[in-house]
Structures are given as structure tokens and as C-alpha cells.
Amino acid sequence: MTNLDPALSDAEDAPAAPRIHSSELPDVEDDVVPPAPREINEDTPLDSLSPAEIAALTEKMLNNPETRTKLIAEITPISELRAEYLDGSQSVVRQLDWLHAHGYTQFRRAARDGNCFYRSVAFSYLDRLLQAPNIPVTVACFREVLASKEFGLTVAFQDEIHKEFSEQLYTLMQLIEDFGIALTTEDLLDKLLEVSDYVSYFFRLLASAEIRTNPAPYRDFIFDQEIDSFCKSQVEAVDSEADHIPMMALCNALRITLKLATLSSHVQGDVQEADVFTVISPDDAMDKDLPPILLLFRPGHYDILLGPN
Amino acid sequence: MNSRSNVGAAKRLMTEYRQLVSGGSPDGMFTAGPISESDIFTWEALISGPQDTPFEGGVFAAKLTFPTDYPLSPFKMRFDPPLFHPNIYPDGTVCISILHTPGDDPTMYEQASERWSPVQSVEKVILSVISMLAEPNLESPASVDCSKLYRDNRPEYERRVRESIREQLGL
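Keep in mind that what you see is a predicted model, and the values were worked out from it rather than measured.

Within chain A, the secondary structure is distributed over 13 helices and 6 strands. Split into buried and exposed, the 309 residues of chain A put 32% on the buried side. The contacts of chain A with a sequence gap of at least 6 include a subset with a gap of at least 24, amounting to 76%.

Residues and elements named next belong to chain B. Over its 16 residues, helix H4 (residues 154–169) extends 23 Å from the first C-alpha to the last, a length consistent with the 22 Å expected when each residue adds 1.5 Å. For H4, the complete set of buried residues consists of Tyr157, Val161 and Ile165. Buried positions in H4, seen along its axis, are confined to an arc of 75 degrees and lie on one side of it. Residues of H4 that are exposed and angled more than 90 degrees away from the buried face: Pro155, Glu156, Arg166 and Glu167. Buried residues belonging to H4 abut helix H3 (144–152). Looking at the residues trailing H4, positive phi occurs at Gly170, about 80 degrees.

On to the sheet that holds strand E6 (residues 301–306) of chain A. Within a sheet, adjacent strands bond to each other through the backbone by hydrogen bonds, running parallel or antiparallel. All names here are of chain A. Spatial ordering of the open sheet is given by E1-E2-E6-E5-E3-E4, a layout of 6 strands whose pairing is mixed. Unpaired on one side and paired on the other, strand E1 (72–77) and strand E4 (277–280) mark the two borders of the sheet. For this sheet the average axis-to-axis angle between neighbouring strands, irrespective of direction, equals 30 degrees. Bridging between strand E2 (residues 106–110) and E6 involves 3 bridges; their strand directions are antiparallel.

Take the environment of B:Pro82 next. Residues and elements named next belong to chain B. Looking at the secondary structure, you find Pro82 in the loop between strand E4 (76–79) and helix H2 (122–134). Linking Pro82 and Arg159, residues 77 residues apart in sequence, is a C-alpha distance of 17 Å. Those residues in contact with Pro82 that lie beyond four places of it in its chain are Ile88, Pro90, Asp91 and Gly92.

All right, on to the packing of helix H5 (residues 116–131) of chain A against helix H9 (residues 185–213) of chain A then. Residue and element names in this part refer to chain A. Between H5 and H9, the least distance of the axes is 8 Å, while the angle of their chain directions is 130 degrees. The orientation of H5 with respect to H9, classified from their angle, is oblique. As for the relative orientation of H5 and H9, their crossing is right-handed in sense. Mapping the contact onto sequence places Tyr118, Arg119, Val121, Ala122, Phe123, Leu126, Asp127 and Leu130 in H5 and Thr185, Leu188, Leu189, Leu192, Ser196, Val199, Ser200, Phe203 and Arg204 in H9.

All right, on to the UniProt feature "active site" (unreviewed entry) in chain B then. The UniProt feature table records "active site" (unreviewed entry) at B:Cys95. Sequence-distant contacts of B:Cys95, that is, excluding residues within four places in its chain, are made with B:Asn87, B:Ile88, B:Tyr89, B:Ser140 and B:Ala142.

Conventions used here
Residues numbered from 1 in each chain as written. Chains lettered and ligands numbered in written order. Predicted model: local features only at pLDDT ≥ 70, side-chain atom pairs only at ≥ 80, totals over all residues. Helix = DSSP H or I, 4+ residues; strand = E, 2+ residues; numbered from the N terminus. Buried ≥ 20, exposed ≤ 12 C-beta atoms within 10 Å, placed from the backbone. Contact = placed C-beta atoms within 7 Å. Expected span 1.5 Å × (residues − 1). Arc of directions from axis to C-beta. Pairing = 2+ DSSP bridges. Axes fitted to C-alpha atoms, helices over the stretch in contact; angles between N-to-C directions. Parallel < 35°, antiparallel > 145°, perpendicular 65-115°, else oblique. Left-handed = near helix turned anticlockwise from the far one by under 90°. UniProt positions renumbered as here; feature names shortened; annotations may be inferred.

Below, the structure written as C-alpha cells:
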């Protein structure tokens, strides 16, 4: 019966949540019954919705594949993004101009559902295989790195549960190997979007297993939280956005190079390359002969940036 | 994408069901499985009341309803008939942090507790619910009546729980 309830064992090593003493609970009338979850339909009066119900409806809408925008959109000129900032931050406009002048003229929007980082990396990770000079050799190399992560994943998560999510990634890699350049990037994107929730989740598990099994480089950047609770709440939770810790962890796990263009509203004067780009490149990166994965970061959101051809 | 996710959900549920059938639950504390072969998305769980609690001796039936994108989203759990417990709504729906996603926090008291993630499972959730039966969480009361009674008059709370168990057993 030890460690039956993970929430209880967590409570012992994680900082305790603020607790109110039960004696401080306000007295309530005995006939007050809290609303049980109810069926909400178009006849439900809007003003009868509680904040919790509104939150639940919003969540549902964001999660509905029909109402959410395309998870990864078609190639769009970066001038479209510039137009959105013309009345806003001029610093962002100057950085977009810098990108444009240096050949970064296009991008793809990713849906804002909390998975934009993982889904964008997943797409670029696979698309680069298609662009590689020697596809079978590169696929084999990527596979070898993934295989080396099996042990860590098995240690971090019980019952090889990660295989349920990695399976889809391996299927796509097999597809790339089988079809080679006969598969276009758009074909690949269509195939990926059918299973991208699973592939993105596998990338979360990879990042989480990396932090859990090799915490040294990350520990000092995690404040007020144990590694376990950080991984559970900030990496493994489906909608949690990625900050630099899971980003570093994922690059280290996959041994890939990530070049991140950050659009900041605080750049003064002339824009330099260092103002725009941050490169995350593990020492043992296995993709040094491929163009890096390019993402465009605005606070709270990642899109996919296309580089000079 | 819907159809593919659906396949993923059905596959996961089959795997979990198979593991529960072959391995059983720890100490035989519960059983769970689909109600009918035609619908893998609706399960029934039978949970025996934990020892040394007022629930001891009872066997409680709960319906588990899985979304088509399970395990990316959590399932719902509802005791039928409802259980008298601070964290169970009067209609029987269980309110426990592990069945909520991080963005979904009706009581706002659950920030530091364990949330749903796709690496959880039916087994882990039911074990958490069994712990919850033994130790109610007064920070997120779903039944205010019951929470109040639990806080103010523990012997009466325990008496009512035991009485409801006897009623369910037809004694």
C-alpha cells in the first residue's frame, strides 16, 4: 500500500499548497447545494453560467478540432506578420525587416493551443529528413538517437507507456524512408496533422525523461519546485507551454540544433543578428550538416520560420 | 484526425483493460472494465470501501465515461448511486485533481496537486479515488453539506456513511 496515491507522495517533497484551516470555512446554509456539472446547450441563459462553466466551455472550444484553426498553416509571407505590427511595436517591425532582408521571408503559423512548440518542432524535425541529401542515412541516424532514449523513457514512465506515442513518429519516419522525395512537404504535413497530438506528446515525454534522468543542467533553473512536480505540471501536462527548460531538454534529447528567432519589443536602434537569433546546439548534435530547425518566437507563442533556400 | 485519435483511444482502453484483467488491481481493491463489448468508451468500476474507514464493507459502483481523445483528455467518473463524501457531487460525479487538466480548475485549490496527463491511467485514478475516500480533501468540497458535517461532526458523518452502506447492501 506504499505510494498508492501519487498526489500524496508528491505532497511530502513538494512545497505544500496554501491551505485554509477547515475551521475557517464559512458557515453555509444546509440547503445550499453546489451545482453539479450540468448539460449546457444553446437554450442555457448566458448569465446563468458560472465562471467554472465558462472556463470549461472555453477549454472545450479550444480543444475542438473543428473550431480550432489549422494546427500548422500553409506557407505565409512574413510581410503579413509585419502588417499586423505596423501599428504596434516598431522594434518588432525592425526585426521582421531584418529577417526579411536576410532571406527569412516566409513562415507557417502554428495553432495557439499550448502545443505549438512541440508540434512545430515535430514538423520541422520530420521535414528536415525529407530535405536531407541522403534520406536513408539521415533517417537511420535519427532513429539511432531515438532508440538510445528508450532506456530513459522506460525508467521515467512505467509500462513503456511512451511507446503508445512514439509509434506514430516511427510510422512517419518509415513513410519518409519508403517514399523519399516522392513525398512532398505538404503530404508529410497532412500525415503529421492526423497524429500530431500523439507525436507532440511523445516530444513532451522525451523532454521530460531527459530532465528526469539527467537533471544536473536544468536543476538550477527550476525554482520553488521539485524536478518531479516541474515535469508533471510544466512538461507532461498536455497544454503546458514550453519555456527554455523543456526546449533545451528536447534539443539535448534529440541531439538537434534549434535556431530561435525571438521577436522582442525591446530592441533599440539597429537590429543585429544577436538581437534576433538564439541558437541551441548540443555539443553532441547529430544534425550539424543539416540546416537548423527554425522557430519564430513571440512571447507566449511559437511559429515555424522558413530559412533562406 | 478525429478518426485517428479515436483509434488511439480505443487501443489505449483495450491495453488498459487487458492489463487490469490479467494483473488485477493491487490487493483486489477494485475491478473495472467496459459495460458492453459494443462500447469501449463506457466502463463500470466496482470499488470496495477501504479498510479502517467508514466505507469499509461497502462495494461502490461507478461509471467511467471516456472522451474520444482519451488519453489526451481525462475521463469522467460518477458513482451510481451517489456516495456521501465531501469530494463527490450530490449527483455522484467525482471531483478530484487527477481528473482535471491543468487549465481546468473549478475550485482553484488544486494548483499544487497532481493533474491529468496522458501517462496516467484508469488504475492510477481509481487508486487516487480510493485514497480520497479514506482522506477527503476539504480544500475542494463538491458536497458542501457533507464537507460541513465532516468538519463539524465527524461521528455523525461516519454514522451516515455507514448507514448508507447498509442501505445499499439491503440490510
